[in-house]
Amino acid sequence: MLRDIVSDAPQVAALRAVIGAAEADVLVLGDMDYDAQGAALDALNAGLATPYPHAQALQGNAGIDTGLDLDGDGRLGRPRDMQAYGRFAGQSGLGILSRLPIGAPVSLNALLWQDVPGSLMSAEERGTAGDVQRLSSGGHWIVPLAPVDGPALTLMVFHATPPVFDGPEDRNGRRNADEIALWQRLLDGALDSPAPSGSFVIAGTANIDPTDGEGRLEAIGDLLADPRLIDPRPASPGGAAAEAGGQTGDPALDTVDWPEPAPGNLRVDYVLPSADLRLERPGVLWPEKGAELAESVAVASRHRLVWIDILR
């Protein structure tokens, strides 16, 4: 990934064009491979027309070995034996670029799945891996920001596992649901880590749509309906124009362009501010085909950039 960033590969050039068009004060990047020096994130930032003064690379649980044969194939150290699927430690982390100072992140990644209040971890899984298996896959972090002209703002960023690629035991579906519900458990005061004392924004990829596709849809539905949050329902003309047949949700709200017929385009990426904040414009950066920036958006990622404007 660092090689591609330094050489300004086509996907990287497209990503930089999208970032430049968004002009975000705070940007959360998913599937950003982690390195301890932050070299990849710094290289991406340095190539922007206007680099961000603050950057934070965050490592998830992908590729971290459990020491167990979780997939039951008789071999250890395989990608599915990791805390979350991965070929190396640091794969598919998160990155934050910010024009606001970033405080020290608080990681929830070490939290064991069985220890989450209301955990859907099965009795069998508790018996074989309960003392080892963490809940977070792509990671959960609480990241304080310090606006220079207003009150503090806390980011709660995450990347949940897809609720697919398993069998009838629905392990990934259950884990995805608990990863999403973790934010509500935090706000309930049910975790060792304290909830933010002021305004906050939940931002990340839940990998589940509230009305279409696979997974335990009630998990994201409950989060979106939580009165402590605002669901700004950001939309785009490109999502509406790329409607996938047979789905019940509003295609304008979709945030990812997945192949049809399954799973098709879905709403899986979210920016959810706390209910005390005032918003001006929510949206998804997804122009219609042929419009300005449409090609760069398509090349940069299957996922589309979701934004909100907060009035301070």
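Located above this text is the structure these notes cover.
Described below are features of the structure shown in this document. (Residues numbered from 1 in each chain as written. Predicted model: local features only at pLDDT ≥ 70, side-chain atom pairs only at ≥ 80, totals over all residues. Heavy atoms only, no water.)

### Describing the nonpolar core
By size, the foremost hydrophobic cluster in this structure holds 27 residues, and its most contacted members are Trp-183, Ile-202, Ile-220 and Leu-223. For this core, the secondary structure elements donating two or more residues are strand 6 (153-159), helix 5 (171-188), strand 7 (200-205), helix 6 (217-225) and strand 8 (269-273). Those residues in contact with Ile-202 that sit more than four places away from it in its chain are Met-156, Phe-158, Trp-183, Leu-223, Leu-229, Tyr-270, Val-271 and Leu-272. Counting 21 residues, the second largest nonpolar core, distinct from the first, contains Ala-9, Ala-14, Ala-24 and Ala-40. (Core = buried A, V, L, I, M, F, W, Y, C linked by side-chain atoms within 4.5 Å. Buried < 20%, exposed > 50% of the residue type's maximum accessible area, 1.4 Å probe, protein only. Helix = DSSP H or I, 4+ residues; strand = E, 2+ residues; numbered from the N terminus. Contact = heavy atoms within 4.5 Å.)

### Brief notes about the pairing of strand 5 (residues 139-145)
For strand 5, a buried count of 6 out of 7 residues is recorded, marking the element as mostly surrounded by other parts of the structure. The pairing of strand 4 (residues 106-107) with strand 5 spans 2 bridges and is classified as antiparallel. Paired with Val-106 across the two strands is Ile-142, which belongs to strand 5. By the bridge criterion, 7 bridges tie strand 5 to strand 6 in an arrangement that is antiparallel. Bridged to Val-143 within strand 6 is Leu-155. (Pairing = 2+ DSSP bridges.)

### Examining the sheet that holds strand 7
Taken in spatial order, the 5 strands make up an open sheet running 4-5-6-7-8, and their pairing is mixed. With one partner strand each, in any of the chains shown, strand 4 and strand 8 form the two edges of the open sheet. In terms of strand pairing, strand 7 meets strand 8 through 5 bridges, oriented antiparallel. In the sheet register, Ala-203 faces strand 8, and the bridge partner there is Val-271.

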